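Structural features, examined
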Amino acid sequence: MSGFEGPLAARAGLLLLLGAAFVLTLSGVPALLLPRRSLSGSRWTVRLTLAGCAAGIAGAVALLAASAPAVLRLPGLFLGEGQLGGDALSGFFALPVLFVGGLGAVYGRTYWDPRRHPRHGRRLQFSYGLALASLLLLLAARDGFTFLIAWETMALATYFLVVTEEARAEVRAAGWTYLLYSHAALLCLVALFALQAQLGGGFAFGAIPATAAPKELTALFALALVGFGIKAGVMPLHSWLPDAHASAPSHVSALMSGVVLKMGIYGLVRTLGLVAAPPLSWGVVLLVAGGLSAFFGVVFALAQHDLKKLLAYHSIENIGIILLGLGLAMAGRATGRADWVVLGMAGCLLHVWNHALFKSLLFFGAGSVLHATGSREIDLQGGLAKRMPATAGLFLVGAVAICALPPLNGFVSELAIFLGLARAALGPGPAWAALPAAALAATGALAVACFVKVYGIVFLGTPRSEAAAAAKEAPAPMLRPMALLAAACVAIGIAPGLFAPAVDRGIAAWAEDTGALLGWGRFLPLGRLAVVAALLILLTALISLRLAPLCRRARERQPELPTWDCGFAGASPRLQYTASSFAELITSRFGWVLAPRFRWPRIEGPFPEASSFHSEIADSVLERLLRPGVRWLVRLSERLRRYHQGSLQQYLLYVVIALVILLLVSLQPWWPVERLGGS
Amino acid sequence: MALSQILVHLGVLLLLPPLLLGVIQRTKSRFAGRRGPSLVQPYRDLAKLARKELALSATTTGVFALAPVLAVVTAVMAGLVVPLGPFDAPISFAGDFVLFAYLLALGRFFTAAAALDTGSPFEGMGAAREVGFAWLTEPALFFAFFALARLSGSLQLEDMLRAPEGELWRDSTVALALVAAGVLIVLLAECARIPVDDPATHLELTMIHEVMVLDHSGPLFGLVEYGAAVKLLVLDVLLMHILVPAATVRGWLGLGFFVLGVLAVAVLIGVVESTMARLRLLRVPALLVAAVLSCGFALLLLGR
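All values derive from a computational prediction rather than experimental measurement.

1. Quick look at the overall build of chain B
Along the backbone of chain B there are 13 helices and 0 strands. Along the chain direction, N to C, the helices and strands of chain B fall in the order α-α-α-α-α-α-α-α-α-α-α-α-α. At 19 Å, chain B has a C-alpha radius of gyration in line with the 19 Å of a compact globule built from 304 residues. Dimensions of chain B along its principal axes, counting C-alpha atoms only, are 55 × 45 × 45 Å. Looking at chain B as a whole, 63% of its 304 residues are labelled buried. Considering only intrachain contacts with a sequence separation of at least 6, the fraction spanning at least 24 residues in chain B is 78%.

2. A closer look at the overall build of chain A
A count of helical and extended segments in chain A gives 26 helices and 5 strands. Whereas a compact globule of 679 residues would reach a radius of gyration of roughly 26 Å, chain A reaches 27 Å, a difference of no more than 12%. Taken over the C-alpha atoms alone, chain A extends approximately 100 × 65 × 65 Å along its principal axes. In chain A, buried positions account for 56% of the 679 residues. In chain A, 80% of the contacts between residues at least 6 apart in sequence involve partners at least 24 apart.

3. Digging into helix α11 (residues 280–303) of chain A
Each full turn of the α-helix corresponds to 3.6 residues, which orients residues three or four apart in the same direction. Spanning 24 residues, α11 of chain A covers 35 Å between terminal C-alpha atoms, matching the ideal 34 Å at 1.5 Å per step. With 18 of its 24 residues buried, α11 of chain A lies for the most part within the structure.

4. Section: the confidence of the model for chain A
Detailed reading of predicted coordinates is not advised where the pLDDT is low. Predicted confidence across chain A gives a mean pLDDT of 87, with 96% of residues reaching 70 or more. Highest mean pLDDT in chain A belongs to helix α15 (residues 389–402) of chain A (95); lowest belongs to helix α26 (residues 673–677) of chain A (49).

5. Observations concerning the interface of chain B and chain A
Each side of the interface is counted separately: chain B has 60 residues, and chain A has 67 residues. Among the secondary structure elements, those contributing two or more residues to the side of chain B that touches chain A are α4 (62–81), α5 (96–117), α6 (121–152) and α13 (284–301) of chain B. Of the residues forming the side of chain B that touches chain A, the biggest block, 18 residues, is contributed by α6 of chain B. Of the residues in the side of chain B that touches chain A, the class split is 43 nonpolar, 10 polar and 7 charged.

6. Side note on the nonpolar core
Counting residues in hydrophobic clusters, the biggest one holds 368 residues, and the most contacted among them are Leu 136 of chain A together with Ala 147 and Val 179 of chain B. Looking at which element gives the most residues to this core, the answer is helix α13 (residues 338–373) of chain A, with 21 residues. Beyond its immediate chain neighbours, meaning those up to four positions away, Val 179 of chain B contacts Ala 144, Ala 147, Leu 148, Ile 242, Cys 295 and Ala 298 of chain B.

7. Let's talk about unusual backbone geometry
Pro 406 of chain A connects to Pro 407 of chain A through a cis peptide bond whose omega is 10°. With respect to the element layout, Pro 407 of chain A can be found in the loop between α15 and α16 (409–426). Cis peptide bonds are those with omega within 30 degrees of zero, and the linkage from Ile 194 of chain B to Pro 195 of chain B qualifies with 15°. Summarising the element assignment, Pro 195 of chain B is placed in the loop between α9 (173–190) and α10 (209–212).

8. Re the environment of Leu 633 of chain A
Residue and element names in this part refer to chain A. Following the sequence through the fold, Leu 633 ends up in helix α24 (residues 620–640). A tally of 10 C-beta atoms within 10 Å means that Leu 633 is categorised as exposed. As a C-alpha pair, Leu 633 and Leu 396 span 237 residues in sequence and 47 Å in three-dimensional space.

9. Description of the packing of helix α5 (residues 121–140) of chain A against helix α10 (residues 250–274) of chain A
Residue and element names in this part refer to chain A. Their axes nearest at 11 Å, the elements α5 and α10 cross at an angle of 20°. With respect to their mutual orientation, α5 and α10 come out roughly parallel. In the crossing of α5 with α10, the sense of the turn from one axis to the other is left-handed. Together, Ala 131, Leu 135, Leu 138 and Leu 139 of α5 and Leu 255, Val 259, Met 263 and Tyr 266 of α10 make up the contact between the two elements. Taken together, the residues of the contact of α5 with α10 break down into 8 nonpolar, no polar and no charged.

10. Looking at the confidence of the model for chain B
In the predicted model, chain B carries a mean pLDDT of 89, and the fraction of residues at 70 or more is 98%. Scoring the predicted complex yields pTM 0.93 and, for the interface, ipTM 0.95.

11. Looking at the packing of α6 of chain B against α13 of chain B
A pair of packed helices is characterised by two quantities: the angle between their axes and the separation of those axes. Residue and element names in this part refer to chain B. Interaxial distance between α6 and α13 falls to 8 Å at its minimum, and their mutual angle equals 15°. Relative to α13, α6 is oriented roughly parallel. Pair α6 / α13 crosses with left-handed handedness. Residue-level inspection shows Phe 133, Leu 136, Thr 137, Pro 139, Ala 140, Phe 143, Ala 144, Phe 146, Ala 147 and Arg 150 of α6 in contact with α13, the latter providing Val 284, Pro 285, Leu 288, Val 289, Ala 291, Val 292, Cys 295, Gly 296, Ala 298 and Leu 299. Per-class residue counts for the contact of α6 with α13 are 17 nonpolar, 2 polar and 1 charged.

Rules used in this analysis
Residues numbered from 1 in each chain as written. Chains lettered and ligands numbered in written order. Predicted model: local features only at pLDDT ≥ 70, side-chain atom pairs only at ≥ 80, totals over all residues. Helix = DSSP H or I, 4+ residues; strand = E, 2+ residues; numbered from the N terminus. Rg over C-alpha atoms; globule rule 2.2 N^0.38 Å. Buried ≥ 20, exposed ≤ 12 C-beta atoms within 10 Å, placed from the backbone. Contact = placed C-beta atoms within 7 Å. Expected span 1.5 Å × (residues − 1). pLDDT = per-residue confidence, 0-100. Nonpolar A, V, L, I, M, F, W, Y, C, P; charged D, E, K, R; others polar. Core = buried A, V, L, I, M, F, W, Y, C linked by C-beta atoms within 7 Å. Axes fitted to C-alpha atoms, helices over the stretch in contact; angles between N-to-C directions. Parallel < 35°, antiparallel > 145°, perpendicular 65-115°, else oblique. Left-handed = near helix turned anticlockwise from the far one by under 90°.

Spelled out as structure tokens, the structure:
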């Protein structure tokens, strides 16, 4: 049985989205057909990608505007019929995919120029298009099978993106870890959708009634949390994330961090939305997971001195913030508090957009730094603002936005979550309801510390290496996508009211019972926020304009004036604070979780030789939990090897022994075989 | 709200801050047995700085000049969110306390970035300390806000700050005292006062706030000093509202009452600065954790 239902706008939107997915799948083909170093091949690929993204954006907007969702039933391809659908939630998550994806393609063509990277340029472009297409299919999937197919395509396509530079050992290792984690997640999701099909009556996504057994619901929640949590990078399931994001080419890191992680959030939002009556404990678990991810994500980020790894850890922090919103919304659904649902979900959804915007902006900026100086090491940079002013300015916008500071976009979504959490803390509940909000406050302050460090050490001061001193501004095709992302950050920050309807649609699609009635603007005066942002910018601009001529004159009068060195004449760039020394005051408080490893210099005698100091912070979960655990498992399995001699007789003997044991067991009336075997 | 009220609010907010510095200085002088400089000396200092020549290090970029501007703008905007005694806050909405905290954070971001902009190791040190202590003051501030929100049943800073008066003080003395203690520590830390930081110290190695602005000169330094003074006033107002029921008296008499209250808190800061030694730098986090705990316990007391 096939059918296509829904209002015209939704049907058109769904078709556009699917058409975009088709175009994006094929977008890499021109490059594949033409020679490796050919510019026209990659140019055509970017054009096709942009065309696909434009069509998809039109479709996503149509879905957001449509009054009801569209459903497309496909005749039984697999077990039962397949279903595709489009609603406001799909449209909401599709928009950042297409916006960031399109800009990433433009950035990537210059960043990963086929003439400089002939070996893997074409594969990169093909996998990029495929990844975008799989993301769209994922958002349109309305049954477990289609979802899993799209999910696996996404996992494999992004795996190939991560291992673009497979010649380097650490890239292969990162890719391998990513692949393992992806498939652990896939296993959870297979179980999840099997359970969902059992509870909801079929693989098509249908509401799970409140009458479902609590045990099964708990299993459903646990599977969703682990499966989607791995993808989203929730602590402590995050260990694949920092290396994978750091190893990929920067526009791929932007896509993975800004967009692909959000599919974990989308999956959680979608599946949890199916459950009619979630218990309060789910919301609490999400709040705890979110608070831990946010706080420890930023703590780990502070300790990094690899620019891209640092940004990757910040993704964990932001996923935590998004989860805080989702957890609050779930708690609201469990307790019937519409205001928690609306504020939590508004913060969750808007932060999905915001994080996609500023994190891809920051990864593009990191890519430009890497492009200019050839290193991701923060301590080898410095003074880049003088050499690449446009990149520095745009990076600064991203840095202020990710710290959730007014007047940029991060502030709006974090304010919604704060306000929701404050309402929860104010309510009749216990006083510890204020803890998530306090964690969020500490996270915000630590994020400020972290991005002062990044911006200050990388872009300000004097160059710490010759490469940094010789850095050149990024070319215009790399700056333009960054400028668009920065403009979007500013736009959402100063005019949140413009984007509020889209968020409202998303909330309404998720929580039909409560969200549809209320706009989140009812709880948060978005107009007032716009006034505050405008006032802030205006006052700053006015005073700055008044000061500008003074500063210009000062620079003209004394162009070579050095920084005051407190009387020490031998100041050199190496005396400057480094990334590690800047963060030391904070990271030293967290030695118990960071477990830093040092290689101290040995200084002996009155005239010591030249020496070096090295510190590194490995991922605690991976290095202290997973690797020892796997080693233990391998040792345990080695003991079993004794029984594996390879002789056929021995194996036959094992079969006989097993048979005898089973027979004995089944004869025993006290053994619960009946219960295990069913009827 | 009447325009005249906003103008008076702005007038108090913009003109009063240097006087606080004068009062603190006078208190400290009296403790030391000196007469001390005139109360209006900070105004004269600011006027002098505004006229002075500006010198900019060749290392610096636009961030260096932008930071003092933002320090003033964010402090003034934070001042627009709080009520000044009888005068309502010009900007007020549910959740405005988040705006208050994040405005101060925005100022901190740029002040610390400007310090790194000079490439001086001393200024980097100051910046690291500033952001390294702020991550503890911010949760303390939020716990205090939540405690006040529980007391007042409102999420608007205006109502939250006006709640502690009369009956409320009697009913929840302990909780309010704990909140006040926590906010006092936050104030001392955020405004770089003893026992956290010594504004009068002469050794760069031991400074926090002062060392971050070593390279600012002339009008830019004036803005830095003025911004710090406005921030002092704003946090002073926060503490004053918790300690003194200033809002009960309306009108011009209320304004006088308010100014007296604010100056009394300034005297309190002067007394703290005169009677305490500066803490060792590594002990400061312990003090700030005490502030977090103090406000957190207040919240627990108000729990049920």
